[in-house]
Amino acid sequence: MATKKITITVDDAVLARVRTAVEDGQADTVSAYISEAAAQRVARETRAGEIERRWGPFSAKALAWARKAAGAAPEPADTAYLAEIEAERAARRPTA
Amino acid sequence: MIPAPGGRVLDVPALLDAAAGTTEYMRAWLAVMTRQGSAVAVPSTVRARAADHLAAAAELAELDWFCAAGTVLEVPLAAADAAELDQLAKDHFRGEIAAAHAALTARRRGWPVITTEGRAAGFRAAGADVELLP
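Residues numbered from 1 in each chain as written. Chains lettered and ligands numbered in written order. Predicted model: local features only at pLDDT ≥ 70, side-chain atom pairs only at ≥ 80, totals over all residues. Heavy atoms only, no water.

Draft legend 1. Just the interface of chain A and chain B, in detail. Tallying the contact residues gives 30 residues for chain A and 30 residues for chain B. Summing both partners gives a buried area of about 2800 Å² for chain A against chain B, and 59% of it is carried by carbon and sulfur. It is Arg-47, Trp-55 and Trp-65 of chain A in chain A that bury the most area against chain B; as a group they hold 26% of the surface buried on that side. The shortest N-O distance in the salt bridge between Arg-93 of chain A and Glu-117 of chain B comes to 2.7 Å. (Contact = heavy atoms within 4.5 Å. Buried area = accessible area lost by both parts, 1.4 Å probe. Salt bridge = Lys/Arg side-chain N within 4 Å of Asp/Glu carboxyl O.)

See below:
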């Protein structure tokens, strides 16, 4: 596989963990470790894109709930959508 | 450092929603889980029960496609767990093995179960955390 040399900036703490992993034999080099991590991210993005092409596009409201249920970081508008979902859920509850 | 997000376990209604596309919530959720690399645990009995509920071949095809997604992990029912599952099912789920299997998977992995509000009490009583479907 063809490769290209690039310059990147990495968090000090992350780089220390990567170097330890390389010293422990988990990867041949720092470059190999970082390349593998990037390849995994690319694969995830590709797969998520396939899901969105098959079933999306998804509404902002659905994505707000999806982020919460997945434990992902919320976006600013999510709070309002989640309140709407909770109100709809409450309206479906049988009255006592 | 960004903490690695944990996985989630699916109960039957969540998997049915994903397969039938009744709402867009579970399908959007799978995209988010896949993008962040979080595991989606589907107990084998949950998948079997969901398949029993689906009438159309197209829906079964969507179920298969969902379960083949990169982050989905099908959890087999181990013979060694049979007695515990029977007891869990009897105590909290009116004998439903699929729900008990989801609860046991969730408890062991420390991951929430995605289910409906109507089924949540059984999971909580069984010691599992719950994330409610909309």
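Draft legend 2. Examining the nonpolar core more closely. All names here are of chain B. By size, the foremost hydrophobic cluster in this structure holds 60 residues, and its most contacted members are Leu-10, Trp-29 and Phe-66. Among the elements that line this core, the one with the most residues is helix H2 (residues 25-36), at eight residues. Leaving out residues up to four positions away in the same chain, Leu-10 has contacts with Leu-15, Met-26, Trp-29, Val-40, Ala-41, Val-42, Pro-43, Val-46, Phe-66, Ala-102 and Ile-114. (Core = buried A, V, L, I, M, F, W, Y, C linked by side-chain atoms within 4.5 Å. Buried < 20%, exposed > 50% of the residue type's maximum accessible area, 1.4 Å probe, protein only. Helix = DSSP H or I, 4+ residues; strand = E, 2+ residues; numbered from the N terminus.)

Draft legend 3. Representation of the packing of aromatic side chains within the structure. A complete count under the given rule lists four aromatic pairs over all chains for this structure. A centroid spacing of 5.1 Å and a plane angle of 75° characterise the contact between Trp-55 of chain A and Trp-65 of chain B, whose relative ring orientation is edge-to-face. In this pair, Trp-55 of chain A is assigned in helix H2 (residues 30-55) and Trp-65 of chain B in helix H4 (residues 57-67), connecting two distinct chains. The exposure classification of Trp-55 of chain A matches that of Trp-65 of chain B, with both residues buried. Feature note: the residues Trp-55 of chain A together with Trp-65 and Phe-66 of chain B constitute an aromatic cluster, connected by ring pairs. Positioned above the aromatic ring of Trp-65 of chain B, the side-chain terminus of Arg-47 of chain A is 4.8 Å from the ring centre. (Phe/Tyr/Trp six-rings, centres within 6.5 Å; stacked < 30°, edge-to-face > 60°. Lys NZ or Arg CZ within 6 Å of the ring centre and 35° of its normal.)

Draft legend 4. Expanded view of unusual backbone geometry. Gly-56 of chain A connects to Pro-57 of chain A through a cis peptide bond whose omega is 0°. Note that Pro-57 of chain A resides in the loop between H2 and helix H3 (60-70). Unlike most non-glycine residues, Arg-94 of chain B shows phi in positive territory, near 50°. Turning to its location among the elements, Arg-94 of chain B is positioned in the loop between helix H5 (82-92) and helix H6 (97-109). A relative accessible area of 86% places Arg-94 of chain B in the exposed class.

Draft legend 5. Quick look at helix H1 (residues 12-23) of chain A. Residues and elements named next belong to chain A. Between its first and last C-alpha atoms H1 spans 16 Å; for twelve residues at 1.5 Å apiece the expected length is 16 Å, and the two agree. Turning to H1, its buried residues are Val-18, Ala-21 and Val-22. Down the axis, H1 shows its buried residues gathered within 100° of arc, on one side only. Projecting away from the buried face of H1 at angles above 90 degrees are the exposed residues Asp-12, Arg-17 and Glu-23. As for H1, its buried residues are in contact with H2. Taking the backbone nitrogen of Ala-13 as reference, a side-chain oxygen 2.9 Å away marks Asp-11 as the first, capping residue of H1. Just past H1, the residue Gly-25 takes up positive phi, approximately 85°. (Expected span 1.5 Å × (residues − 1). Arc of directions from axis to C-beta. Polar contact = N/O pair within 3.5 Å; in protein donor to acceptor, adjacent residues only side chain to side chain.)

Draft legend 6. Here's a closer look at the packing of helix H1 (residues 12-20) of chain B against H4 of chain B. Residue and element names in this part refer to chain B. Contact geometry of H1 with H4 gives a least axis separation of 7 Å together with a crossing angle of 110°. With respect to each other, H1 and H4 are oriented roughly perpendicular. H1 and H4 meet at a crossing whose hand is right-handed. Residue-level contacts link Leu-15, Ala-18, Ala-19 and Ala-20 of H1 to Glu-59, Glu-62, Leu-63, Phe-66 and Cys-67 of H4. Tallied by class, the residues present in the contact of H1 with H4 amount to seven nonpolar, no polar and two charged. (Axes fitted to C-alpha atoms, helices over the stretch in contact; angles between N-to-C directions. Parallel < 35°, antiparallel > 145°, perpendicular 65-115°, else oblique. Left-handed = near helix turned anticlockwise from the far one by under 90°. Nonpolar A, V, L, I, M, F, W, Y, C, P; charged D, E, K, R; others polar.)

Draft legend 7. Just the pattern of salt bridges, in detail. Evaluation of the coordinates by the stated rule reveals 22 salt bridges over all chains. Glu-52 of chain A is the partner of Arg-35 of chain B in a salt bridge, and the nearest nitrogen-oxygen pair spans 2.8 Å. Remark: Glu-52 of chain A occurs in helix H2 and Arg-35 of chain B occurs in helix H2; the pair is interchain, linking two chains. We classify Glu-52 of chain A as partly exposed; its relative accessible area is 28%. Here Asp-11 of chain B ties to Arg-119 of chain B by a salt bridge, and the two come within 2.6 Å at their closest N and O atoms. Of the two residues, Asp-11 of chain B is situated in the loop between strand E1 (8-10) and H1 and Arg-119 of chain B in helix H7 (residues 117-125); the sequence distance between them amounts to 108 residues. Taking the relative accessible area as the measure of exposure, Asp-11 of chain B reaches 0% and is therefore buried. The exposure class assigned to Arg-119 of chain B is partly exposed, which follows from its relative accessible area of 23%. The network of salt bridges with common partners includes Arg-41, Glu-45 and Glu-52 of chain A together with Arg-35 of chain B.

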